[in-house]
Structure formats: C-alpha cells, structure tokens
Amino acid sequence: MEYYGYSGRVLYVDLSTGNIRKEPLDMDLAHQFIGGPGVGLNLLLDVLKPNIDPLSPENALVFGTGPLLGTLVPGSGKCYLTTKYSIPASKDENKFFISASMFGGNRFGSMMKNAGYDHIVITGRAKRPSYLKVINEDVEICDANHLWGKDVYEAGRVLRDQHKGKTGRCGTFVIGPAGENLVRFSLGWTDDWYNAGRFAGAVAGAKNLKAIVTLGNKGIKMADMKRFMEVLEKKRQEIQGHPDYRPTAPFGKGRTGKLLTDTFVDIKGCNGGMCACKSVHEVKDGPYKGEWFGGTFAGMPALIQMTLQIEDYGAAFKLLGRMNRDGLCLSTSMNMLSFVTKLYERGVLSQEDMGGLELKMGDPDFYLALLEKVVRRQDIGDVMAEGWYPLCEKVGIDPSTDYETGCAITKGVDLLVDARIWPSLFKQGTGFSPCMGLGSVVHAKAKHTHSATYWSHDELSISEVRRDAEKMGLTNEEIHRVFTEDSFDTGRLEKYGGEAETTYNAIGICDTAVHWQYDPMRDIPWLYEAYSAATGLDITPRELLRAGERIFNLERLFNVREGFTRKDDRIPPIYLQNMETPLPAREGERYLTDWFGRRLTREDLEGMLDAYYEERGWDVKTGIPTRDKLTELGLEEQAEMLKSG
Amino acid sequence: MEKNNITVTPEKCTECMSCQLICSMTYAGAFNPEEARIIVNPPQSIGFTDECKEECILCTRYCKFDAITRVKEE
C-alpha cells in the first residue's frame, strides 16, 4: 500500500526484551484521529494498564507525528509525546495524568517520518543506559554509557557526531541529568532547542533511555504534489503579504525587548521556515559575560528575575542555561526555588533541611546550589524532585493557597504564566487568550502557556473574536451558543478553540504558528485543502475538527480511569486573591478579571467550567464524557476498553 | 560564494530545512532532506552537491532568513 503524508508504519520497541517490531499504520485510526495525539492515545490504549506507576517499565512513551509534519507548511515540525506523566497530580497517592502533549523540532519528527515511522511506542526498561537509534530499517537499542551524566547539549553533540546525515544533522531527543535521576519535573529536548515532554524526562530516565536518534531518506510523498504546492503557495503568499508578518519572533517593547535584542546571538525555527521562534541570547559583558540560554520563551529572564528577586539579568541567563542543560522544567524549577527559599526565610525550613546552605535571597549562587541538590537528589532537593504535592506534605503548606509563598497550581502543575500577571489573561487587549486561563485548568496536563486553546491577538473587538471563531470552523448554531451581540461565553469558546488548535497540532502544524502572528493560518477550510492534497483522503473540514474533539474525549476517558473528575480541574485558589508583585511596574491591585475588566469571583469561574462541560457534552457535575457524546464520536470501543481496564 | 549567483551565510541559518524540502520535492519527488542537493551544517557550512544545477535558485526563494541569497545582477 502506498502512503501519502503518512509514512505508514508504527515502530514498537520493548527495552526490557530488546524486541523490535514494525507494524503498518492503522489507516482507520488515522481517518478518525489524524495523527500525533489521537493515534498516540489509541496506541497507548493497547499497552497501558490502569493505575501503573509512571516510572515503572509498564509505562509507555509514544512519540507521534502528523501527515503534514516535515513538509513546507509553515510551522510543520510539531510532534507529540503521549504517556503517563511523572508529576504527582493530586494529594491522593498514585494519581498521575495521562496526556498527549506537543513538542517542536526541525529534525526529530521529520527524520522519524523519513526513516519510515509515524509513531514510536517504547515500553519496558533497558538493563543499562541506552539510546534508541532509528535510521531507516536500522533500528537498534544502543549502549549509552558514554552519554549518561552528560548535559543535553553535550549528549546531543556527541550523538550528531556519531550519526551524521548525508546532507545535515540527524534528529535527536535527549534527556539531561535531571531525567536520569528521576526528577519528576524534568523534560527532554529535541534538536537542542525544543523542550519535549515537561514531566516526561523522568519517564525516559526510568527506562534507562537517554536519547533517540532519527535519520532517514524514504521521503514524505504527497498524494497530489502539484495541488499541494498550489495550496501551500497561496497561503505562503498570504502570510508574507500580511502587515504583521515577520519571519522571527518579536521580542516585544520596553526594557525586556531591548535586553533581548541586545543579547541576541542566534535563532532556530521549525520546518516550513516562516516562523523561527527559538532564540538564543548571551551576556555580552560584565560578571556574567558568556552566560547564555536558548530555546525557551524569551520572556523567561524577566520572569525569573522578578520571581527570584535577582538584580542582574546575567544571573538569570546563567540560571536558565543551567536548568536547560540539566533538562529541568524552567517554570517548576523557578517557582519551586522561590517557594523553598521563602519558606527558609520564614523559618519553616531549617538550615539542616537545606543541607547547610546559607540563606541568600536573590543570590544566583544560592539558587544554583539548591538546583544542584534537586538534580543530585540531596537534602531538601530530594523532596523537591518529587513534585509539588510531596513537597507540600513535607512543609505543611500548600503553595496554591498560601499567597506569600505561592504560585498557581493545578493537577500538580504550576502554571507558567499567572493569569493575573498581565491585567488579565481573560481580558481584552493583552494579547493573550480569554480562554487561556480556563484552558490551563481543564486540560489533562494543565497547560503552562498558550497550547491548544484560543489565543487572541491584541485588542480585538467582540466581532473580531467572532470572526476568529468562524475561521476555526464553528457552525452558525455553535456561534449562536458562544456569542451574543456584545459578549461571548469563555467556557463554550474554549471547547472550540482547544479542538481547532489540537487539530492543527495533530496534523503536524504548530499552533503557535497559527495564532502567534500569522492570522492567515487560522483557516480550517485551507487546512482541509492542504490535508486532502497531501494525504489523498477525503475528510471534510468538519470531520477534521471532529478528530480534535475525539482527542479531547479519549484523553479525558484515560484520566477518568485514573480517578480524575471535575474536582481535579481546580481553579487555583490563589487566582481569587490580589497579586502583589515585586516589580514597580506591576504596582497596584491585580485581580483576575473577565474580558471587560470585571473582577471574577469563584462562582463566575465555576460557571465558566459548567459552560465548558456542557458544551463538550460532559456531565457537568463530574466532568466525565456522557454516553451520548461517546456514541456520537464513535468512541464506544475505546470507552469499553478503558472501563474494563 | 558557494555557487554561481548564490551566496550562503550559514550563521544566519535557522535549520528550518525549507531549502532541502523544496529541493528534494522538486528533484526527488518527495519531502526528503537527505536526498536534497544542498548540504546544511550551520553554523559552519552550507554547501551544494555535484548534482545541484547551476541555474536553479529555488532554495533562495524559500529561505526567509538570508542564509541563502541570490546575488543581484548589476
């Protein structure tokens, strides 16, 4: 059988037995779920038993791609990692979420497909440190003793030297020392600059899997290349003609924008080449000269300076660089350093707890020493490495309710951007989504930025938001449920925003490219044209969006089996308090408000959740998909499998 | 100058692979960077294989970052 867009195979690797097998891709699944997250969840369904320890050999890592990944479509480097993540998601023991989470890359996914595999399913645990080599038919579990202990950049460099392509680099996924030492908020990096699998570094580490290398020359064929290129060219021209178009991510205005511009040294981008966003910055002079960081949200230095009260931006660069090299989540590391340091200052933690460290608030060397304790799992660092809830238990304080030391936490995940830090993430005119704050709460893996939600541009009117909704493929009936003449329902809009962006991601296109500055990319009819020309499959635009809906429902079913319900979609209590930030620029009261600037109460937020579940066809009290909804989506078989476990 | 009428500046390359994607699509019939006629190893080098046609400038059209540019004729 000839495959178009898809590579047509799934690679199964059992690290315990060394068994490797290649199976054809089930095209019925591809029809129903497109790619990455949806097919990945179905593959997980076959191998994942309920209530297993995410760090046990029984857990599986499913790396997935979509049919347009590795083409010339702007932003077409989006892959997925579907697994049971390692961060404790509840105060109850052994409760961990299962999620399909996206990550970027410019070589990893593209080379995986070119090697001939749409998905890689990894189970078991290798007896010794290993890496997986995937080069066309040459698939091998290789010794990684020479890589173990190396930081992510060094290990990636060694692997690229070992496995050189004919015309360029191989693709890499690499974990750092934090993942090796099972720090539960560790992650992996693809192609050096794209963080992959926040909270999955330890899952790979527990499998003794240091890295994956991908390389191949089988080619990604299009069903109708001429039509595909016509459809593509039309959109590329439209993007280039857009007044806001710039090929690289903007650094913003003001002090932060100037700092990022002054320290800029390089930028990397994903396939399709119209939207590079992974910038690299280096300190040019002063005591931190030469310190650099890259591949992350460019606002991170300012955020880390503010949160940790660090005066010198160079010190923030140094800290970020260290976190990246170790393969630690920047957000959780930063928030946890802040939390623990403030508790130490308050006397809740003793010098003995801290392993003798002397308290130096705002001192980067103090924070670096504390980070070292996390990565090496020493003293308080060993407790921090277990995640927020075990740490809460140790200190007897919940950071999500104790403002003085706290941050917003949902399902064990600290939210990178506090919804109150800008006037409001729910509010018009901030350049952020009215849905984002809500999306952070309802997703299986609480999202930390913009992922899979509706993201608005600056200062949109209600009619412009409505126009976006139309471009996302909402029917007239749905539009009428979401919008009134002068307002809209955040909970209901979130359902459709999440599905539209997940559909893009499942196809292999970055949702950031869709909503960031390329307004023309938010165009479901065009997406259908591109998908259809690439795959030769006749699926209507509406059916494409249905795939996005199926993905949300299947992910939810997995987590219902693990015991998650509406009560886990917890609005962080801290969101109802005033935010007092230490920067002068952020003085004044800062409450969570709606689109129109009205302060939101708990009842308002719970009302948004009610509307979200209702629009989804989920039980409003429990947040569980109803039988009618599952039947409508054709998910009865999956529901039965997940019910019986 | 790595090739007639094309200038390469490897340090500007973002590794988006657009040049290799358009090249392989045109000459190998699929998106297949390993079969492209342009070799991308930034920041050290960007080069061309022997099969690369002197008159072809497709890669310059798809590079948005000025890593591969066409020398303007006087």
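Residues numbered from 1 in each chain as written. Chains lettered and ligands numbered in written order. Predicted model: local features only at pLDDT ≥ 70, side-chain atom pairs only at ≥ 80, totals over all residues.

Some details on the overall build of chain B
Short version of the rule: Every helix listed is a DSSP run of H or I at least four residues long, and every strand listed is a run of E at least two residues long, numbered separately from the N terminus. This radius of gyration counts C-alpha atoms alone. The globule rule is 2.2 Å times how many residues there are, raised to the power 0.38. The burial label depends on the number of other C-beta atoms within 10 Å of a residue's C-beta. Counts of 20 or more mean buried, 12 or fewer mean exposed, and intermediate counts mean partly exposed, with C-beta atoms placed from the backbone.
When you go through chain B residue by residue, the secondary structure sums to 2 helices and 4 strands. Start at the N end of chain B and walk to the C end: the helices and strands fall as β-α-β-β-α-β. For 74 residues, the compact-globule formula gives about 11 Å, and the C-alpha radius of gyration of chain B, at 11 Å, lands near that figure. Once the C-alpha set of chain B is aligned to its principal axes, its extents read approximately 35 × 25 × 20 Å. Residue burial in chain B is summarised as follows: out of 74 residues, 45% are buried.

Considerations on the overall build of chain A
Where we set the bar: By definition, residue pairs are in contact when their C-beta atoms, positioned from the backbone, come within 7 Å.
Counting its secondary structure elements, chain A contains 24 helices and 17 strands. In terms of overall size, chain A behaves like a compact globule, its C-alpha atoms giving a radius of gyration of 23 Å where 645 residues would be expected to give roughly 26 Å. When its C-alpha atoms are laid out on the principal axes, chain A stretches across 65 × 60 × 55 Å. A buried classification covers 58% of the 645 residues belonging to chain A. Within chain A, residue pairs in contact and separated by at least 24 positions form 69% of the contacts whose partners lie at least 6 positions apart.

Regarding the pairing of strand β3 (residues 61–64) of chain A
Residues and elements named next belong to chain A. Quick note on the threshold: By definition, two strands form a pair when at least two bridges between them are found by DSSP.
Because side chains alternate across β3, one face comprises the buried residues Leu61 and Phe63, and the other comprises Val62 and Gly64, equally buried. Bridge analysis of β3 against strand β6 (residues 119–123) gives 4 bridges, and the strand direction is antiparallel. Across the sheet, the residue bridging to valine 62 is valine 121, located in β6. Looking at chain direction, β3 and strand β4 (residues 79–84) are connected through 3 bridges and run antiparallel. When the bridges of β4 are listed, phenylalanine 63 appears paired with leucine 81.

Points about the sheet that holds strand β8 (residues 138–143) of chain A
All names here are of chain A. What counts, and what does not: Throughout, an axis means a line fitted to C-alpha atoms (over the contacting stretch in the case of helices), and angles, computed between N-to-C directions, take values from 0 to 180 degrees.
One open sheet accounts for 6 strands, arranged β8-β7-β12-β9-β10-β11; its pairing is mixed. This sheet does not close on itself; its edge strands, each paired only once, are β8 and β11 (194–196). Averaged over neighbouring strand pairs, the angle between their axes works out to 20° when direction is ignored. In this structure, strand β9 (residues 171–175) lies alongside strand β12 (residues 209–215), joined through 4 bridges in antiparallel fashion. Note on β12: the bridge partner recorded for glycine 171 is threonine 214. Helix α4 (residues 152–162) contacts β9, β10 (188–190) and β12 of the sheet and is inclined by roughly 145° relative to β9.

A few points about the interface of chain A and chain B
Of the residues lining the interface, 26 residues belong to chain A; the matching set on chain B comes to 24 residues. For the side of chain A that touches chain B, the secondary structure elements donating two or more residues are α3 (108–115) and β13 (264–268) of chain A.

Digging into the nonpolar core
Our working rule: Among buried residues, those of type Ala, Val, Leu, Ile, Met, Phe, Trp, Tyr and Cys that are joined through C-beta atoms within 7 Å form a set called a nonpolar core.
Core analysis: the biggest nonpolar cluster contains 211 residues, and A:Ala211, A:Val340 and A:Ala530 have the highest contact counts within it. Every residue in contact with A:Ala211, bar those within four places of it in the chain, is listed here: A:Tyr131, A:Ala144, A:Leu147, A:Ala155, A:Leu159, A:Thr172, A:Phe173 and A:Val174.

Thoughts on the packing of helix α18 (residues 490–507) of chain A against helix α22 (residues 602–616) of chain A
Residue and element names in this part refer to chain A. This is how the line gets drawn: Just so you know how the angles are binned, under 35 degrees is roughly parallel, over 145 roughly antiparallel, 65 to 115 roughly perpendicular, and the rest oblique. Note on convention: the crossing is left-handed when the near helix lies turned anticlockwise from the far helix by less than a right angle, right-handed when the turn is clockwise. Each residue gets one of three labels, nonpolar for Ala, Val, Leu, Ile, Met, Phe, Trp, Tyr, Cys and Pro, charged for Asp, Glu, Lys and Arg, and polar for the others, Gly among them.
Contact pair α18 / α22: the axes reach a minimum separation of 7 Å and the direction vectors enclose 45°. With respect to each other, α18 and α22 are oriented oblique. Both α18 and α22 take part in a crossing whose hand is right-handed. Listed contacts from α22 to Thr490, Gly491, Arg492, Glu494 and Lys495 of α18 are Met608, Leu609, Asp610, Ala611, Tyr612, Glu615 and Arg616. Taken together, the residues of the contact of α18 with α22 sort by class into 4 nonpolar, 2 polar and 6 charged.

Details of the packing of helix α2 (residues 36–47) of chain A against helix α21 (residues 541–561) of chain A
Residues and elements named next belong to chain A. The interhelical angle for the contact between α2 and α21, taken along N-to-C directions, is 35°, at an axis separation of 9 Å. Read as a crossing pair, α2 and α21 show a hand that is left-handed. Of α21, the residues touching α2 (which contributes Pro37, Gly38 and Leu41) are Ala547, Arg550, Ile551, Leu554, Glu555 and Phe558. Considering only residue class, the contact of α2 with α21 consists of 6 nonpolar, 1 polar and 2 charged.

Some thoughts on the domain arrangement of chain A
All names here are of chain A. Applied cut-off: Start and end points for every domain follow an automatic or database-based domain assignment.
Assigned domains of chain A: these are domain 1 (9–215), domain 2 (254–261 + 272–407) and domain 3 (436–517 + 538–644). With 34 residues of domain 1 at the contact, the number on the domain 3 side is 28 residues. Contributions of two or more residues to the side of domain 1 that touches domain 3 are made by α1 (27–33), α2 and β5 (98–103). Among the residues forming the side of domain 1 that touches domain 3, the class breakdown is 17 nonpolar, 15 polar and 2 charged.

Brief notes about the confidence of the model for chain B
Our working rule: Confidence scores labelled pLDDT are given residue by residue by the predictor and lie between 0 and 100.
Summary statistics for chain B give a mean pLDDT of 91 and a share of 93% for residues scoring 70 or more. When mean pLDDT is compared element by element in chain B, helix α1 (residues 18–28) of chain B scores highest at 97, while strand β1 (residues 6–8) of chain B scores lowest at 92.

Quick notes on the sheet that holds strand β14 (residues 278–282) of chain A
All names here are of chain A. Pairing in this open sheet of 3 strands is antiparallel, and the strands run β13-β14-β15 from one edge to the other. A single partner strand is all that each edge strand has here, and the edge strands are β13 and β15 (292–294). Across this sheet, the average inter-strand angle for adjacent strands is 10°, counted without regard to direction. On the sheet, helix α10 (residues 313–326) packs against β14 and β15 and is oriented at approximately 55° with respect to β15.

Examining the environment of A:Gly286
Examined against the element boundaries, A:Gly286 turns out to sit in the loop between β14 and β15. Along the chain, A:Gly286 and A:Gly314 lie 28 residues apart, while their C-alpha atoms are 8.1 Å from each other.

Looking at α10(A)
The cut-off we apply is this: Expected helix span is given by 1.5 Å per residue-to-residue step, counting one fewer step than there are residues.
Relative to the 20 Å expected for 14 residues at 1.5 Å per residue, α10(A) spans 20 Å between its end C-alpha atoms, a close match to the ideal helical length. Within α10(A), 14 of the 14 residues are buried, leaving the element largely enclosed by the surrounding structure.

As for unusual backbone geometry
Geometrically, the link from B:Pro42 to B:Pro43 is a cis peptide bond, its omega value of 0° lying close to zero. On the secondary structure map, B:Pro43 appears in the loop between β2 (38–41) and β3 (45–48). A positive phi angle, near 60°, is found at A:Leu182, a position not held by glycine. Relative to the helices and strands, A:Leu182 resides in the loop between α5 (177–180) and β10.

A look at the environment of A:Val62
All names here are of chain A. Position of valine 62 relative to the elements: it lies in strand β3. Among the residues examined, valine 62 registers 25 C-beta atoms within 10 Å and is labelled buried. For valine 62 and valine 203, which are 141 residues apart along the polypeptide, the C-alpha to C-alpha distance reads 11 Å. Among all residues touching valine 62, those that are not within four sequence positions of it are Gly40, Leu43, Leu44, Thr82, Thr83, His119 and Val121.

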